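# Tertiary structure, described
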Amino acid sequence: MLSPASAASCTNLGWREWLALPALGIASIKAKLDTGARSSALHVEALETFHRDGVLQVRFAVRPRRRGSRLVACEAPVRDRRMVTDSGGHRGERWFIETDVELAGRRFVTEINLTDRGAMLFPLLLGRSALGGRFAVDPALSYSCPRPSRIGRIPI
């Protein structure tokens, strides 16, 4: 986490920022902050569903860096499965999870859908549902806050 002084200076974020998904074991990942997108989307690989103690779960892998990084194995309870329209107007059904986000010295829970963003520059898109009431986005800024501190999780 950032110091209170650093966090106070990071209420205005840039169009792209580093953040962490601590509950998934992802210490830092680049995210595009998109106020035009309602929901947030995370690029995942090898997604599969399973039940644990009667609760539907998803198991998937995340590559926090585009080139050469190892996959991080993740699991989370399913929050929902619903239709999403992407920026190209294509509709598809996606799995949604709820997870912690650490951004600009703040930690909060938000909903993220799991999809193939392999063709995109950023593995994570953070939409207005996650940003609203917490941050303002200035498109003239880029990486305006320090990168989150590293947390431990063994990559696969």
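Here, the structure is the one placed above.
This write-up is about the structure you can find in this document. Bear in mind that the values here come from a model prediction, so they are computed numbers and not experimental data. (Residues numbered from 1 in each chain as written. Predicted model: local features only at pLDDT ≥ 70, side-chain atom pairs only at ≥ 80, totals over all residues. Heavy atoms only, no water.)

### Here we look at the layout of surface pockets
The criterion, for reference: Grid spacing is 1 Å over the protein atoms alone, the probe is 1.4 Å, and a cavity is where that probe fits but cannot get out, while a pocket is an open set with protein on both sides within 12 Å along at least five of seven lines and lining residues have an atom within 4 Å of a point. Grid points are joined across faces, edges and corners, and a volume is the space filled by probe spheres set on the points. Runs of E in the DSSP output that reach at least two residues are strands. Runs of H or I that reach at least four are helices, and both are numbered from the N terminus.
Of the volumes computed, that of the largest pocket is approximately 630 Å³. A37, S39, V84, T85 and D86 are the residues nearest the centre of the largest pocket, which is lined by 28 residues in total. Looking at the lining of the largest pocket, the elements with two or more residues in it are β3 (26–34), β4 (40–43), β8 (80–85), β9 (91–103), β10 (106–115) and α2 (128–131).

### Remarks on the pairing of β10
Counted only if it meets this: Think of it this way: DSSP has to see at least two bridges between two strands before they count as a pair.
Bridge count for β4 against β10 is four bridges, and the pairing is parallel. Considered in β10, the bridge of H43 is made with T115. In terms of strand pairing, β9 meets β10 through nine bridges, oriented antiparallel. Of the residues in β10, the one forming a bridge with T99 is T110. Hairpin connection from β9 to β10: two residues lie between these consecutive antiparallel strands, with A104 at a positive phi of about 55°.

### Observations regarding the packing of aromatic side chains
Under the convention used in this document: For this analysis, a ring pair means two rings from Phe, Tyr or Trp (six-membered ring only for Trp) whose centres lie within 6.5 Å, classed as stacked if their planes differ by under 30 degrees, edge-to-face if by over 60, and tilted for the remaining angles. Burial classes follow relative accessibility: with a 1.4 Å probe on protein chains only, a residue under 20% of its type's maximum area counts as buried, one over 50% as exposed, and anything between as partly exposed. Should the NZ of a Lys or the CZ of an Arg lie within 6 Å of a ring centre and within 35 degrees of the ring normal, that charge is described as sitting over the ring.
In this structure the tally under the stated criterion is three aromatic pairs. Consider the rings of W15 and F122, whose centres lie 5.7 Å apart with planes at 80°: the pair is edge-to-face. Of the two residues, W15 sits in the loop between β1 (12–13) and β2 (16–21) while F122 sits in the loop between β10 and β11 (124–127), which places them 107 residues apart along the sequence. Among the residues examined, W15 registers a relative accessible area of 30% and is labelled partly exposed. If you follow R82 out to its NZ or CZ, it ends over the ring of F96, 3.7 Å from the centre.

### Let's talk about the pattern of salt bridges
Side chains that carry opposite charge are capable of pairing whenever their charged atoms lie near each other. Heads up, the rule is: Each salt bridge in this description consists of a side-chain nitrogen of Lys or Arg and a carboxyl oxygen of Asp or Glu lying within 4 Å of one another.
Going through the model one piece at a time under the given rule, you end up with ten salt bridges. Notably, a salt bridge pairs E75 with R52, separated by 2.7 Å at the nearest N-O pair. Placement of the pair is E75 in strand β7 (residues 72–77) and R52 in strand β5 (residues 45–52), with a sequence separation of 23 residues. Overall, the relative accessible area of 37% leaves R52 in the partly exposed class.

Treat this as a map of the structure, not an account of what it does.
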